[in-house]
Amino acid sequence: MFKLHIIAVLAAAAISPLVHAVSSQAYTWKNVKIGGGGGFVPGIVFNPKEKGLAYARTDIGGAYRLNSDNSWTPLLDFADDARWNYWGADALATDPVDPKRLYIATGMYTNSWDPNNGQILISTDYGASFTASPLPFKVGGNMPGRGMGERLAVDPHSNNILFFGARSGNGLWKSTNFGATWTKVTSFTNTGTFIPDSSDSSGYNSDKIGIAWVTFDSTTGSSGSPTPRIFVGVASKGASNVFTSTDAGATWSAVAGQDTTFLPHKGVLSPAESALYVTYSDGAGPYDGTSGAIYKYSLTSSTWTNITPVSGSDLYFGFGGLTVDPQKPGTVMVAALNSWWPEGQIFRSTNGGTTWTPLWAWANYPEMNKYYTYSDSLAPWLGPNYVDGTAGNLQVGWMMEALVIDPFDSNHWLYGTGATIYGGHDLLKWDAATGRNVSISSLADGIEETAILGLISPPSGPTLISAVGDIQGFVHNSLTAAPAHSWTNPEWSTTSDIDFAGNAPSKLVRIGTGDSSQGKQVAFSNDAGATWAQHYGAADNVNGNKVAISADGTAILWRTTSNGIQISNNQATFTQTNAVFYAANGNTFYRSSDTGATFTAQGTLGSSTSPRKIVVHPTVTGDVWVSTDKGLFHSTNNGASFSAISGVTQAWAIALGAPATSGGYPALFAAADIGGIGIFRSNDAGVNWVKINDAAHGFGSAASAIISGDPRTYGRVYIGTNGRGIFYGDVAGSQPPNTATATSTATSVSSTPSSSIPVTSTRSSTTTTAPSTPTGGTGTAPQYGQCGGNGWTGPTACPSGFTCTVGNEWYSQCIPT
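Residues numbered from 1 in each chain as written. Predicted model: local features only at pLDDT ≥ 70, side-chain atom pairs only at ≥ 80, totals over all residues. Heavy atoms only, no water.

Think of it this way: side chains of opposite charge can pair up when their charged atoms draw near. Applying the stated criterion across every chain yields a total of 16 salt bridges. Close ionic contact of Asp90 with Arg151 constitutes a salt bridge, the shortest N to O distance being 3.5 Å. A residue pair is termed long-range when its members are at least 10 positions apart, and Asp90 in strand β8 (residues 89–94) and Arg151 in the loop between β11 (131–134) and β12 (152–154) qualify at 61 residues. Of the two residues, Asp90 and Arg151, neither departs from the other in class, the shared state being buried. For Glu273, the salt bridge goes to Lys296, with nearest N and O atoms at 3.2 Å. Linking Glu273 in the loop between β20 (263–270) and β21 (275–281) with Lys296 in strand β22 (residues 292–298), this pair joins segments that are 23 residues apart in sequence. Among the charged side chains, a network of salt bridges with common partners joins Asp90, Arg151 and Arg167. (Salt bridge = Lys/Arg side-chain N within 4 Å of Asp/Glu carboxyl O. Helix = DSSP H or I, 4+ residues; strand = E, 2+ residues; numbered from the N terminus. Buried < 20%, exposed > 50% of the residue type's maximum accessible area, 1.4 Å probe, protein only.)

Rendered as structure tokens:
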């Protein structure tokens, strides 16, 4: 598939730096605050020994530790291209004996999308640092059934022992040395039979869910010896799915009398009651589940009791989240896994499941009695900051697999949803005879778990604008305060791309992914995203995947998923076209100078087979950069010829930002391999580079990063990640000395244009030919500064060691001799 590359134009002489060692420059990295959440939080675990210690795991954003002020600290931001699947956290265990110890089972996919096996990450300092214990199979942190669990458990009597339940039929595994090494428990032979969709050729839904959870019975055994009784839940329907061992895992048997209709999602022990609670659903989750049950197993009488809160037509969902209150025996809470209408639901019992009270109940239909107050002040885009009595608003949440009561504070509770973490500090109000309105607040501050698909930082107006998976996107007028709302009119969950007009930055265009009930997947704004209007010229049910808007905002080029490249002028109906503004396909670069009416092949991009991104100088015509699988290429003549930047073996995202000095060349940022993979910056058009990310900030994968330079603040760059939201970095350390000088290399070639070319717009509409000599006034320009060009009245002389080199008719630059 051809990739679409949106550009933005650069200027400077065609230069290629000598190969040289890349130094590092210190940066300060922070999250752009969206307010916490934005994605699925399938697991939250409190430590039973240390007050206030809790962890949360996410499906694509790693794991977090709870702070005393209700905020969260990310633990896996060091994950980089070699460890990108660390952000898929499929299970988590906090040590009940030594609370400093933390274990996380990580791996993103079990199908071919992720070629890597999983690992158990081991920390002995509350997650401040980790060592990895590799596993001989894959782990699926973003696979179906990821809300089941926990699959990983520490023996409460002998904490050197851990058990881990694997997916894909790989069975049960055991460690006896604090997770350092693992062996398969060969006596446990039932590895689960449930497959969500065996016909799915991608492998995503056609893999076995495997083992769902492991629970030690702490009421058996004694400190210092392995716990004798262990329960394991397995994803099977129509057959036994809860198994037990009474000899510390040496032998296993199915628990007699169990339900075999549904899949066991959670198994939680209530020691004071000598009971095991189990929630069931007919789907693996997190998106399915139309029926289910809750059972209580007596450890003393070995009997099961069905304690499901609702039945008949009121039972239209499965059950996921499950928790007990250790300080109040008999108190148990369960969550509907997927109650999409009229609202999510949570039930609470104080007598071991004999009777239940819901979080809401019907009054006179369609009126509802909601027994809670609601605040989303930390993430106001979640919805109205009050209890909305409208059916279908889903303020309570959905995909509720994580539900916990603080073992040291019966008033403190948390639960995870598909969008955030909710909870509060007055849970005991639930049990009041009257006026039992508990507080529900968004409490995911610090958990930025979004997938970023596009970033733009215009030269005026909002600081940053983002296109985001699942929650549309935002105008970020502040980097430290959550946006008030996401986009509407039209509204679709995922925005796949966004662009602004270079000469009219308040004009924006965005495109969706096909999930809009309104059918059309293009929207435009004339006020920098404050308001939007649907583009009625777009065809219904045509969507994705890249878009570009012309410099004046009158023309939109859209590379669709299914209908080729289309163009619209002045909001008219889109028509199919093969034209581009600037485009790259394979190793050939293309240019259109008549708003997409025609296009011609220009220069070559070395041996590239996969161009990734095109950017252009914001004020100078003809200066173009292209990142590819074979390096980074630069043109100063509208793409007629390109220079390969030496030392850059592969480049993915690239962007331009504010120059280091007034009149200087814009800072160039690249996610690239320049003597190693990372995020780099050059102040001199690729002659010298500094690495600006560090060991603590790998951004999950530089190869999948989205980058935008800030045109107003030197050195600032925005990094969009696939799971940890948006980071912004600012210079914190001194600039290392330059080590390289430039030589000039350029090649050009013509080729027959392809009919399916990625498209992009330029920031200037003028195409010109460079003069043979620079023009301008008198004086000395700064290093890398402008020294000539049509209409230039500034200095034309360059400092010692620099030569005024023509880039094009409008721009000449002081380049090292």
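A word on the layout of surface pockets. The probe, sized like a water molecule, is rolled over the atoms to show the empty space still left. Its volume calculated, the second largest pocket comes out at about 1000 Å³. Lining the second largest pocket are 34 residues; nearest its centre among them are Val45, Phe46, Pro48, Val268 and Leu269. Going through the elements one at a time, β4 (43–46), β8, β12, β16 (211–216), β20, β24 (319–324) and β31 (402–405) are the ones with two or more residues in the lining of the second largest pocket. Among the residues forming the lining of the second largest pocket, the class breakdown is 24 nonpolar, 7 polar and 3 charged. (1 Å grid on protein atoms, 1.4 Å probe; cavity = no way out; pocket = protein on both sides within 12 Å on 5 of 7 lines; lining within 4 Å. Points joined across faces, edges and corners; volume = space filled by probe spheres on them. Nonpolar A, V, L, I, M, F, W, Y, C, P; charged D, E, K, R; others polar.)

Let us now look at the pairing of strand β50 (residues 624–628). Buried residues dominate β50, accounting for 5 of its 5 residues. Neither face of β50 is left uncovered, since the one carrying Val624, Val626 and Thr628 and the one carrying Trp625 and Ser627 both have all their residues buried. Relative to β50, strand β49 (residues 611–616) runs antiparallel, the two sharing 5 bridges. Bridging across to β50, Lys613 finds its partner in Ser627. Inspection of the sheet shows β50 paired to strand β51 (residues 631–635) by 5 bridges, in the antiparallel sense. Its bridge partner being in β51, Val624 is matched across the sheet by Ser635. Here β50 hands over to β51 after 2 residues, the two strands then running antiparallel side by side. (Pairing = 2+ DSSP bridges.)

Keep in mind these values describe shape, not function.
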